[in-house]
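Here is what each chain is made of, one letter per residue.
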Amino acid sequence: MKTAFFKTFVKSMGAAVTISAAFATTTNAQIMKNVLTVQQQDMAIIACLEAKGDLAKLSKAIDKGLDDGLTVSQVKEALSQLYAYTGFPRSLNALGTLQKVLDERKAAGKKTAEGKDASPLPKNYNSLKAGTEVQTKLFGKVNNTFAPATDYYLKAHLFGDIFARDNLTMPERELVTVAALSGMDGVHPQLAAHKAGAKKAGLTDQQVESITMTLQDAKLIPGMYGGDSPWPRGVPNVNYAKYFIGNSYVAPMSAENGGPTNVTFEPGCRNNWHVHHNQVQVLIAVSGRGWYVEEGKEPLEMTPGTVVAIPEGKKHWHGAAKDSWFQHLTYHTHVGENASNEWLEPVVDEVYNKLP
C-alpha cells in the first residue's frame, strides 16, 4: 500500500537521514573504496560494453583505455576471450570496433602501446588436463555428464587453451568475465559463480566489489554508487549473510534511538523465508524495485512508497527484483516479551525466478 504516511515519515526522518548518510559515506570511503587501477576500471567498462553490444560507447571506452595505458594486446585478448561468454557476434563486432579505433588513432598520430602477444604453448601441453585444473581451482570439481561435449569445450578450450595465454593474467581474465556478465540479463548464477571464482583467482573482496562500483559509476548497470539513490547504502550485511541469497548491505539510521535500518539488496538478492514472533515488522520501500511475499498470498511488488506491516507469526520473505537494486527501511513495532526472528529455508531459484 502507498500512503501519505511515507512522505510524512521521510520528512520526519530528514535529520536522521542526513546524519546517517554522512556516516555511511565515511564508512564506504573507508571500506568500500574503489581499489581498481584506472586500467582495470577501463577494462571492466570495455568488457561490459562488449556484452551490451553498445559499439558507439565501446569505441570511446577503448580509446580512453588505450590513452590510459592499456595495450592493444590486452584489449584484443579480452574481447577475444569474451566470445565464450557473450557469443561470437558480440566478440567479433567488438574486435572490429577495436580495429576502427586503432585506424583512427593512427590517422590522428596518437601513440598506442602494442604490448606483447601470448607466449607459444609448450609442445607437450595438455589442454584438457590444464583446463581441468584451472576450472577446479576457480569453481571446484565440475563434471557436466549431461552435456559431455560442452564439459570438454569448457575444460580444454576455455580454461585450457585460452586461460593459458599469458598476455592476460588469471585475475584479469576473471575481472573481464565478471564485468561482462554484470552487463547481461539472465546470467545471475554464472555471475555469482565468477565473482567467487575471481577471488580464488587472486582478486580481493574489495576488487571484486569495485568491478560493480566501476560499472555503476559509469551508469552501465543499476546501482547506488552512481548517485541513483539518496539513501545510504551502508556496509556488507555480514552478520546475516547466511540467511540471504546474494549480497545485501545495512545502514543503521539512528536505530539505537528507535530509527529504522536501511537495507540494500543487489539485483536477485533476497532473504530466506522467516517469521517474526511477538513483533510486527514494517517495511518501507525507498529505492529500486523489489518483492514482498507472504505465504499463501500473491507476491506484492515493492516500489518507492510501498509500505508493508508484516503481521506477527506470518511466514514471508522480501528482496530485490532480478533486474533492479532495491532498498527498504525496516523497523519493528508492537514488540512483546521474548520477541525473536525465526529463520527458515532459502527462497530457491525455481520459486524466485517465476517473479517478473
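Structure: see above.
Residues numbered from 1 in each chain as written. Predicted model: local features only at pLDDT ≥ 70, side-chain atom pairs only at ≥ 80, totals over all residues. Heavy atoms only, no water.

Which residues make up the sheet that holds strand 1 (residues 235–236), and what values go with them?
The six strands lie next to each other as 1-3-4-12-7-10, forming an open sheet whose pairing is antiparallel. Single-partner strands in this sheet number two, and they are strand 1 and strand 10 (307–310). Pairing of strand 3 (residues 248–252) with strand 4 (residues 261–265), which is carried by five bridges, proceeds in the antiparallel orientation. Bridging from a neighbouring strand, P252 pairs with T261 of strand 4. (Pairing = 2+ DSSP bridges. Helix = DSSP H or I, 4+ residues; strand = E, 2+ residues; numbered from the N terminus.)

Account for the side chain of N272, with residues named and values stated.
Note on placement: N272 falls in the loop between strand 5 (270–271) and strand 6 (274–277). A relative accessible area of 5% places N272 in the buried class. A polar contact is formed between the side chain of N272 and the backbone oxygen of L344, at a distance of 3.2 Å. Excluding residues that lie within four positions of it along the chain, N272 makes contacts with K242, Y243, F244, H316, W317, W343, L344, E345 and P346. (Buried < 20%, exposed > 50% of the residue type's maximum accessible area, 1.4 Å probe, protein only. Polar contact = N/O pair within 3.5 Å; in protein donor to acceptor, adjacent residues only side chain to side chain. Contact = heavy atoms within 4.5 Å.)

Hey, could you go over the layout of surface pockets for me, with residue numbers and the actual values?
One number sums up the size of the largest pocket: a volume of about 1200 Å³. Secondary structure elements with two or more residues in the lining of the largest pocket: helix 10 (170–182), helix 11 (188–201), helix 12 (205–217), strand 2 (244–245), strand 3 and helix 13 (349–352). Looking at the lining of the largest pocket element by element, the count peaks at seven residues for helix 11. Each residue belonging to the lining of the largest pocket can be placed in one class, and the counts come to 22 nonpolar, 13 polar and 11 charged. By volume, the second largest pocket amounts to about 470 Å³. Around the second largest pocket sit 25 residues that line it, and Y240, T261, V263, Q281 and T330 are the ones nearest its centre. Elements that contribute at least two residues to the lining of the second largest pocket include exactly strand 4, strand 6, strand 12 (326–333) and strand 13 (340–343). Ranked by residues supplied to the lining of the second largest pocket, first place goes to strand 12 with four residues. Here the residues of the lining of the second largest pocket sort into 11 nonpolar, 14 polar and no charged. (1 Å grid on protein atoms, 1.4 Å probe; cavity = no way out; pocket = protein on both sides within 12 Å on 5 of 7 lines; lining within 4 Å. Points joined across faces, edges and corners; volume = space filled by probe spheres on them. Nonpolar A, V, L, I, M, F, W, Y, C, P; charged D, E, K, R; others polar.)

Requested: an account of the pairing of strand 3, with residues and values cited.
Here strand 1 runs beside strand 3; their pairing, made up of two bridges, is antiparallel. Bridge pairing in strand 3 places P236 opposite Y249.

Mind laying out the side chain of H276, listing which residues take part and the relevant values?
Here H276 lies in strand 6. Within the local environment of H276, its side chain forms a polar contact with the side chain of Q281, the two groups lying 2.6 Å apart. Here H276 is in contact with Q281, E312, G313, H316, H332, S340 and N341, once residues within four sequence places are set aside.

Can you lay out the pattern of salt bridges for me, pointing to particular residues and giving the numbers?
Considering all chains together, one arrives at 18 salt bridges under this definition. A salt bridge links D42 to K64; the shortest N-O distance between them is 3.0 Å. Within this pair, whereas D42 is found in helix 3 (residues 38–52), its partner K64 is found in helix 4 (residues 55–67), the two being separated by 22 residues in sequence. Ionic pairing is found between R173 and E77, a salt bridge with its closest N-O pair at 2.9 Å. In this pair, R173 is assigned in helix 10 and E77 in helix 5 (residues 72–81), connecting sequence segments 96 residues apart. Like R173, the residue E77 is buried in the burial classification. (Salt bridge = Lys/Arg side-chain N within 4 Å of Asp/Glu carboxyl O.)

Tell me about a nonpolar patch on the surface, and name the residues and values.
Together, L128, Y152 and Y153 make up a nonpolar patch on the protein surface, roughly 320 Å² of accessible area in all. Inspection of the secondary structure puts L128 in helix 8 (residues 127–139). (Patch = residues over 30% accessible without salt bridge, like charges linked within 9 Å, V, L, I, M, F, W, Y side chains within 5 Å. Areas by Shrake-Rupley, 256 points an atom, 1.4 Å probe, with all protein chains shown as cover.)

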